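Spelled out from the first residue to the last, the chains are:
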Amino acid sequence: MTRFPFVAIIKIIVCIIVIVFFFLRLYKEKKIKRDSRTAKSHPAKLAFLILVAILSVGSYFNFFQFHLNRANRSHFINYNEFIIHYLGSKYFDELGYFNLYNAIVVADAETSNVLADDQKVRDLKSYRYISKKDILSNSAYYKSLFSSSRWHQFTSDITALVRQCGSGLILEMVLVDHGYHTTPVWNTTASILSNYIPVDRIIFLALLDVFLLVLMFYAVSVSFGIEVMLIGLIYFSVNYISSFSWIGGAFLRYDWFVALVLALCMINSKRYAWAGVCISYAAMVRIFPVLFLAGPLVKGIDKICRKKKFPDEYKRFFAAFVITSLILFGYSCIHAKCPQRWLDFKEKITFQNETLLANNVGFKVILLSDRTWSDIDSFMGKYGKPGEDAFNSMNDVKREEIHARSREFMLYAICFLVLFFLLVRTKDDTESLAWGIFLMFTLLMPLSYYYIVLMMLVLIFYKRPITPGNTSYLTIIFLIQIISFLLSSKLTFLMPFFIVSFMLFGYLLYLAIVEIYKDSRLENSAKINTVP
């Protein structure tokens, strides 16, 4: 099920408890409508949700076992992530996006030499594997990228990180990952922090995300209320596809999510300029959050068509977004002393987006799937070649398939954009922002942990009036988590996140169709009532 099966069981139990709570809440609401003398027991409800939230937060942190290394030693810091993002940002001026792993191999050979002679290393331009021997034959080049003092610091940092995590096996795992591909804006801020905080104090960098998440949930409680915040916190803690094991205890990996949720809070509180600032930051550090502009843009266009005027609050929102984006772009260019880093990033991220990984989630994953994903033997039978990695062979085929089916993907995209327009044009401004999740799923295939943004839907659905429809929306999203945990104990290889993609597609399509139908009925009813 997971490396912590008892944690998965607790999360399933929490999801069941929350689903039962939703139905009791619905029943209570109906009872109140029948008998106006009955009062809601807010203190009891809040006390119950607080207890469930405490249990769920404990499960998120694996009940304080955090991460386990291969010797079953517990540590809060996610060293897999930290080696990439701490070293990648600290030594970005020397290594850029493509030379980090090769430099690590050379540095390790000069110091602790924990890597085996047959260690596979992923080339960060082609994603092919190259040998340790080939890298060491060109070691002089990688060392020449550093000054002597910076090279000494680099080797010392690697030695310290291996010592801290308690196993040289950590480097083996890191060197087959797909590398460092953050935006120049994120890198600029991270490089300042990583060059300031020494390697023996990186716990402070690991705690940045915790601080930001606490700030975010406080903002949610102020904007939406404590009860809505607690439901959001519970979902954040027990969801399957973005557990602590992925990026918990890492270096500033939730900043974009915090910014997006803060934007939702700002819109809900009618602070449109600040919402634009927040979305700008999220987009400039992760790019795909720019899709969350689509809802407000559709709303603005619809209001121009209806009232021949672009609302002032939307002007503030988009102006703040543009101005903040320009400032952040300039900030990253000044730090790098040239805009070349953005061109390097474009090359890196374009190739990354055409690479199908085991935990990609999205509509395209469904289209690109094949039967061999069900088991390793079938997969190797189709894609395994002498001297070639089967995953690389599969990605060669899938990249060609993506290009060959580009027109088909475009037609799907157009259909989804039309559906999105019909979905958000009648929503309020807060909901129109959150529905960017629909485009994120249908147009892209981000890694699983980015889908923590589904928490935004949980917030807006719980904020809505208590109806059977809204209760079903909340129930299904928690039910998906239960099914995912149960299936993960049975499915292997590439199937778990294909199934997750399939379930999320059904869920989002169900939401879109029901919401469009419901809104069209309300519009028709309003027109009939206004006829003299």
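Before going into details, it helps to say that this report is about the structure given with it.

Criteria and thresholds
- Residues numbered from 1 in each chain as written.
- Predicted model: local features only at pLDDT ≥ 70, side-chain atom pairs only at ≥ 80, totals over all residues.
- Heavy atoms only, no water.
- Salt bridge = Lys/Arg side-chain N within 4 Å of Asp/Glu carboxyl O.
- Helix = DSSP H or I, 4+ residues; strand = E, 2+ residues; numbered from the N terminus.
- Buried < 20%, exposed > 50% of the residue type's maximum accessible area, 1.4 Å probe, protein only.
- Core = buried A, V, L, I, M, F, W, Y, C linked by side-chain atoms within 4.5 Å.
- Contact = heavy atoms within 4.5 Å.
- Patch = residues over 30% accessible without salt bridge, like charges linked within 9 Å, V, L, I, M, F, W, Y side chains within 5 Å.
- Areas by Shrake-Rupley, 256 points an atom, 1.4 Å probe, with all protein chains shown as cover.
- Polar contact = N/O pair within 3.5 Å; in protein donor to acceptor, adjacent residues only side chain to side chain.

**Observations regarding the pattern of salt bridges**
Oppositely charged side chains can pair when the atoms bearing their charge come close. Tallied over the entire structure, the rule returns 21 salt bridges. We note a salt bridge from D370 to K382, for which the minimum N-O separation is 3.9 Å. Residue D370 is found in the loop between α20 (363-368) and α21 (376-383), and its partner K382 is found in helix α21; the two are separated by 12 residues along the sequence. The class for D370 is buried, based on a relative accessible area of 18%.

**Here's the deal with the nonpolar core**
If you look at the biggest cluster of nonpolar residues, it comprises 180 residues, and the most contacted ones within it are L87, I104, F154, W256, F257, W435 and F478. Those residues in contact with F154, other than ones at most four positions away along the chain, are L87, Y91, L95, L100, A103, I104, A107 and F146.

**Focus: a nonpolar patch on the surface**
A cluster of nonpolar side chains, M410, L411, I414, V418, F421 and L422, forms an exposed patch at the surface whose accessible area comes to about 540 Å². With respect to the helices and strands, M410 occurs in helix α23 (residues 406-424).

**Topic: the side chain of N268**
As for its placement among the helices and strands, N268 is situated in helix α15 (residues 255-268). For N268, the side chain forms a polar contact with the side chain of S223, separated by 3.0 Å. There is a polar contact of 3.3 Å between the side chain of N268 and the side chain of T430. If near-sequence neighbours (up to four positions away) are discounted, N268 is found in contact with S223, F224, T430 and K463.

**Digging into the side chain of R253**
Structurally, R253 can be placed in the loop between α14 (244-247) and α15. Residue class for R253 comes out buried when judged on its relative accessible area of 4%. With residues near it in sequence (within four places) discarded, R253 still touches E81, H85, D209, I247, R286, Y449 and Y450.

**What about helix α25 (residues 436-443)?**
A large share of α25 lies buried, amounting to seven of its eight residues. Taken as a whole, α25 has its buried residues at G436, I437, F438, L439, M440, F441 and T442.

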